[in-house]
Amino acid sequence: MKQIKWGVIGCGGIAYRRTIPGMMLAENSELVAVMDTNFEAAQKVKKEFGAQYAFATVEEVLALNEIDAVYIATPVFCHKEQAMAAAKAKKHILLEKPMGLSLSESKEIADFCKAQGVKLGVGLMMRFSSYHQKMRELIANGVIGDVVSMRGQLTCWYPEIPGNWRQDKACSGGGALMDMGIHCIDLLQYISGTKAKTVTCFAQNQTFNYSADDSAALLMKMDSGATAYVDANFNIPDNAAQCRLEFYGTCGSILAEGTIGQVEAGKIELTVSDAAACYNAQQNRESVNDTRTVEVVTGNMYEKEISAFANAILEDTEPVITAEDGLFVQKIVETAYLASEEGVCKKV
C-alpha cells in the first residue's frame, strides 16, 4: 500500500496524546518527522514513535522532500504563518481547529492553500467517532422523525494557569466556546444534517479572570427550523461533566452520554414512539417507550482522521472535513461572540 509521509508540527499536547498514536495505526500513513520548539520533547517523541527526524524549527520539517503532508497542532496564533509556509512548500495540511485567530485569518489560510494547490483539512475529528456516525445514520433514516430540538455539552475544569495560551484570547481567538463549543456546534450540524442560520449567545467569565471566556451558552436556529443549544464551560469539574448530545424528534429521541471526547466511548440510548398515539392529556408519562441502547463497533477517531486525509491525497479527492467546514463553524463562533457582546440575535 502506498503511504503518505507525514511531518508533525507541534508534537506535544494533542499530537502526542492522540494524533500521533492514531497515525501509527493508519496503514496508509508513515510518520517521518516531528517538530517542537522544545527540542527535547521532539527528540522524545521521535524515539518513542520511531520517526526518522526531530527538529526544533518548522523550516527544517518543510525542507524534507520526502514529506507529503504536515499535521499542525501548535497554538492557534501560530497557525497562519506555519500553514502558509507549509503550503508554499507544497505540503498538504491537516490543521487543528480553530483554523486561525479569526474568520478573516482562517480565510486567508484557506485561500492561500487553494492558490498553492495543496489540500487543507481541519481537525474536527469527533465526526469520525462511530457513535456520532451512527447517530447521523439514524437521523438520516428518519428513525426519530423530524428533529425539532438538539443539544451539545462539553465542559471541563480549567483553572488559571500563568502563560497559558488558551486562556489568552489574543493567542487563542476565544475560550470555552472556541476551544470546546466548536466541536459541539460541528457535531450538531453534522449529525442532524442541518446548518445554523441565526445565533444568540451568552459568553462570559463566571469563575476565572483570564481574558478568554470560561463559559458560554449558545442558541442556534437551524435551516430546518430546529433549535440547537450548546453548553461550553471551563468552570465545571471534569467528574461532574456529562458531555451529552441530545436529539429530539417528532417520533423519538437519541441521547448520548460520554461520546464527546478524545476516545470512542460512552453510550447511546434510542427511544422511538408511536407519534400517532403519543397525546396524553394527563401527562402522567406512564406509557412504555421503545428505548434501547444502540451498539456500535468502536475504533480510533484519530486513525480514521489521518487515514481519511491521506486517502484524499492518494486519490486526489476533497478531504472529508474541508476548509469550508472549518470556516463555517468558526463563522458561527465568531457571530456568537458578537451576538453576546451586543445582546442580540445575529444571522450567521
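Worth saying up front: this structure is predicted, and the values here are computed from it rather than measured. (Residues numbered from 1 in each chain as written. Predicted model: local features only at pLDDT ≥ 70, side-chain atom pairs only at ≥ 80, totals over all residues. Heavy atoms only, no water.)

Asker: A description of the sheet that holds strand β14 (residues 290–293) should follow, citing residues and the corresponding values.
Answerer: Strands sit in the order β14-β13-β12-β11-β7-β10-β9-β8-β15 across an open sheet of nine strands; the sheet is mixed. Each of the sheet's edge strands pairs with one partner strand only, and the pair in question is β14 and β15 (346–347). Direction of pairing for strand β7 (residues 147–155) relative to strand β11 (residues 244–249): antiparallel, over a ladder of five bridges. Considered in β11, the bridge of Arg151 is made with Glu246. Of the strands in this sheet, β7, β8 (196–204), β9 (215–222), β10 (227–233) and β11 are in contact with helix α8 (residues 176–192), which crosses β10 at around 150 degrees. Helix-sheet contacts for helix α10 (residues 323–342) involve β8, β9 and β15, and the interaxial angle to β8 is about 55 degrees. (Pairing = 2+ DSSP bridges. Helix = DSSP H or I, 4+ residues; strand = E, 2+ residues; numbered from the N terminus. Contact = heavy atoms within 4.5 Å. Axes fitted to C-alpha atoms, helices over the stretch in contact; angles between N-to-C directions.)

Asker: Break down the side chain of Ser340 for me, with residues and values.
Answerer: Within the fold, Ser340 resides in helix α10. The contact partners of Ser340, leaving out residues within four places of it in the chain, are Cys201, Phe202 and Ala203.

Asker: Give me empty space enclosed by the protein: which residues, what numbers.
Answerer: With the rule as written, the count across this model stands at two cavities of 30 Å³ or more. Taken as a whole, the largest cavity encloses approximately 60 Å³ of empty space. Around the largest cavity, the lining residues are Leu94, Gly121, Val122, Phe128, Glu305, Ala308, Phe309, Pro319, Val320 and Ile321. Top element by residues in the lining of the largest cavity is helix α9 (residues 301–315). It accounts for three residues. Of the residues that constitute the lining of the largest cavity, the class distribution is eight nonpolar, one polar and one charged. The volume enclosed by the second largest cavity comes to roughly 40 Å³. For the second largest cavity, the full set of lining residues is Val76, Pro98, Trp165, Arg166, Ser172, Gly174, Gly175, Met178 and Asp179. The residue inventory of the lining of the second largest cavity, partitioned by class, reads four nonpolar, three polar and two charged. (1 Å grid on protein atoms, 1.4 Å probe; cavity = no way out; pocket = protein on both sides within 12 Å on 5 of 7 lines; lining within 4 Å. Points joined across faces, edges and corners; volume = space filled by probe spheres on them. Nonpolar A, V, L, I, M, F, W, Y, C, P; charged D, E, K, R; others polar.)

Asker: Explain the sheet that holds strand β2 (residues 29–35) residue by residue, including any values.
Answerer: Judged by pairing direction, the sheet is parallel, and its six strands sit side by side in the order β3-β2-β1-β4-β5-β6 without closing on themselves. What marks the edges here is a single partner per strand, and that holds for β3 (53–55) and β6 (120–122). Between one strand and the next, the sheet's axes are offset by a mean angle of 25 degrees, whatever the strand orientation.

Asker: I'd like to hear about the environment of Tyr248, residue by residue, with values.
Answerer: Mapped onto the secondary structure, Tyr248 falls in strand β11. The partly exposed category is assigned to Tyr248, whose relative accessible area is 32%. It is 39 Å that separates the C-alpha atoms of Tyr248 and His92, two residues lying 156 residues apart in sequence. The residues touching Tyr248, leaving out its near neighbours within four places in the chain, are Ile144, Asp146, Val147, Val148, Ser149, Ser253 and Leu255. (Buried < 20%, exposed > 50% of the residue type's maximum accessible area, 1.4 Å probe, protein only.)

Asker: How would you explain the packing of aromatic side chains if you had to name every residue and give the values?
Answerer: Across all of its chains, the model carries seven aromatic pairs by this definition. Between Tyr158 and Phe234, the aromatic rings sit 4.9 Å apart at their centres with planes inclined by 70 degrees, giving edge-to-face as the arrangement. Placement of the pair is Tyr158 in the loop between β7 and α7 (169–172) and Phe234 in the loop between β10 and β11, with a sequence separation of 76 residues. With a relative accessible area of 1%, Phe234 lands in the buried category. A cation over an aromatic ring shows up here: Lys169 above the ring of Tyr337, its NZ or CZ 5.0 Å from the ring centre. Lying across the ring of Phe328, Lys195 places its NZ or CZ 4.9 Å from the centre. (Phe/Tyr/Trp six-rings, centres within 6.5 Å; stacked < 30°, edge-to-face > 60°. Lys NZ or Arg CZ within 6 Å of the ring centre and 35° of its normal.)

Asker: Go over the pairing of β10 with me, naming the residues and quoting the values.
Answerer: Of all seven residues in β10, five are buried; the element is thus mostly enclosed. The pairing of β7 with β10 spans seven bridges and is classified as parallel. Bridging from a neighbouring strand, Met150 pairs with Ala228 of β10. Strand direction decides the pairing type here: β9 and β10, joined by seven bridges, are antiparallel. In the strand pairing of β10, Met220 is matched with Ala228. If you look at the hairpin formed by β9 and β10, you'll find four residues sitting between the two strands, and Gly225 has a positive phi there, around 100 degrees.

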